[in-house]
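A closer look at the structure
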Amino acid sequence: MTEAVMVSENFDIEAPNYLSKESEILLYAKQDSQCVDCFQAFLPVHYRYHRPHSKDGETFIVVNNPDLLMYCHQEFPILKCWAQSEVAAPCALRNKDICQWKNMKYKSVYKNVTLQVPVGLTLHTSLVCSVTLLITVLCSTLILVAVFKYGHFSL
């Protein structure tokens with residue numbers, strides 16, 4: 001499992017996409033057990049609520065290519081590592097110390113990743129609101145009936 005930590009402050013995971021801001025996540029990749037020079041990381045994704053569409057029931061989310069940061073140990077310097085720009089970030093997931101990481105340039109296979117997400121249709125808005133209201137009134141009525149029928153009240 002990949003270790004991840006949120007960098008963005010005041011991040012509201014329940015906010016809809018039109019009220020949310022971009023967020024930063026630090027992923028600490030683990031070495032791949034089947035490949036000596038390979039590292040593997042999994043990106044946690046949370047789909048936010050999107051407004052319903054009038055034509056098709058889909059929207060697209062673009063996940064930009066990540067920055068690749070590398071920490072250079074002084075006892076193991078890599079020639080290109082020290083020449084790149086520095087970024088301050090935690091040394092490890094469970095470590096509060098800040099280290100200087102190098103922003104590495106890399107060649108990406110894909111420009112960006114685009115995710116296709118299903119959304120509701122505006123045509124269904126009145127139906128969804130009516131059914132939601134009906135179920136809410138029905139459940140509230142059943143709870144009140146149960147409370148008055150089986151509840152023991154003492155004044």
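Counting from 1, residues in each chain are numbered in the order their sequence is written. Thresholds applied to this predicted model are a pLDDT of at least 70 for local features of residues and 80 or more for the giving and counting of side-chain atom pairs; totals over whole chains, interfaces and linings are not thresholded and use all residues. Side-chain numbers come from the whole structure's heavy atoms, not from hydrogens or water.

1. Considering the overall build of the protein chain
The helix and strand tally for the protein chain stands at one helix and nine strands. Going from N to C terminus, the protein chain has its helices and strands arranged as β-β-β-β-β-β-β-β-β-α. A burial count over the protein chain gives 11% of its 155 residues as buried. Every residue pair with non-hydrogen atoms within 4.5 Å of one another is taken to be in contact. When contacts within the protein chain are restricted to residue pairs at least 6 apart in sequence, those whose partners lie at least 24 apart make up 57%. Put simply, the protein chain shows about 13,400 Å² of open surface, and 60% of that area lies on carbon and sulfur atoms. Numbering of helices and strands starts at the N terminus; helices are DSSP runs of H or I of at least 4 residues and strands are runs of E of at least 2. Whether a residue is buried, partly exposed or exposed follows from its accessible area with a 1.4 Å probe, protein chains only, as a fraction of its type maximum: under 20%, in between, or over 50%, in that order. Accessible surface is estimated by sampling points in the Shrake-Rupley manner with a 1.4 Å probe; for residues, cover comes only from the protein chains shown.

2. Some remarks on the packing of aromatic side chains
Only centres within 6.5 Å qualify two rings of Phe, Tyr or Trp (six-membered ring in Trp) as a pair; their planes then separate them into stacked at under 30 degrees, edge-to-face at over 60, and tilted for everything else. Counted under the stated rule, the structure contains zero aromatic pairs. One residue, Arg-51, lies across the ring of Tyr-18, its end atom 3.7 Å from the ring centre. Each ring is checked for a lysine NZ or an arginine CZ that lies within 6 Å of its centre and within 35 degrees of its normal; such an atom marks a charge sitting over the ring.

3. A few points about the environment of Ile-13
In this fold, Ile-13 is placed in the loop between strand 1 (3-6) and strand 2 (25-28). Taking the relative accessible area as the measure of exposure, Ile-13 reaches 40% and is therefore partly exposed. Along the primary structure Ile-13 and His-46 are separated by 33 residues, whereas in three dimensions their C-alpha atoms are 7.9 Å apart. In contact with Ile-13, other than residues within four places in its own chain, are His-46 and Arg-48.

4. Examining the side chain of Thr-59
Relative to the elements of secondary structure, Thr-59 occurs in strand 5 (residues 58-63). Sequence-distant contacts of Thr-59, defined by excluding residues within four places in its chain, comprise His-50, His-53, Leu-115, Gln-116, Val-117 and Val-119.

5. Section: the environment of Asp-32
Mapped onto the elements, Asp-32 comes out in the loop between strand 3 (30-31) and strand 4 (39-40). Apart from the residues lying within four places of it in its own chain, the contact partners of Asp-32 are Cys-38 and Phe-39.

6. Details of the sheet that holds strand 7 (residues 86-90)
Two strands are said to pair when DSSP picks up at least two bridges between them. Spatially, the three strands line up as an open sheet ordered 6-8-7, and their pairing is antiparallel. The outermost strands of the open sheet, each flanked by one partner alone, are strand 6 (68-70) and strand 7. Direction aside, the axes of adjacent strands within the sheet are offset by 50 degrees on average. Strand direction decides the pairing type here: strand 6 and strand 8 (residues 98-104), joined by three bridges, are antiparallel. For Leu-69, the partnering residue across the bridge sits in strand 8 and is Asn-103. Only the contacting stretch of a helix is used when fitting its axis, a line to C-alpha atoms as for every element, and angles between N-to-C directions run 0 to 180 degrees.

7. Concerning the nonpolar core
To define a nonpolar core, start from buried Ala, Val, Leu, Ile, Met, Phe, Trp, Tyr and Cys residues and group those joined through side-chain atoms within 4.5 Å. Counting residues in hydrophobic clusters, the biggest one holds five residues: Leu-26, Tyr-28, Ala-89, Cys-99 and Trp-101. Ala-89 has contacts with Leu-26, Asp-97, Ile-98, Cys-99 and Trp-101, leaving out every residue within four places of it along the chain.

8. Re the environment of Lys-111
Topologically, Lys-111 is positioned in the loop between strand 8 and strand 9 (113-118). Sequence separation of Lys-111 and Asn-65 is 46 residues, and the distance between their C-alpha atoms is 6.9 Å.

9. Describing the confidence of the model for the protein chain
Per-chain confidence: the protein chain averages 79 in pLDDT, with 84% of residues scoring 70 or above. The predictor's confidence in any single residue is recorded as pLDDT, a number from 0 to 100. By mean pLDDT, strand 1 is the weakest element of the protein chain at 59, and helix 1 (residues 125-150) is the strongest at 95.

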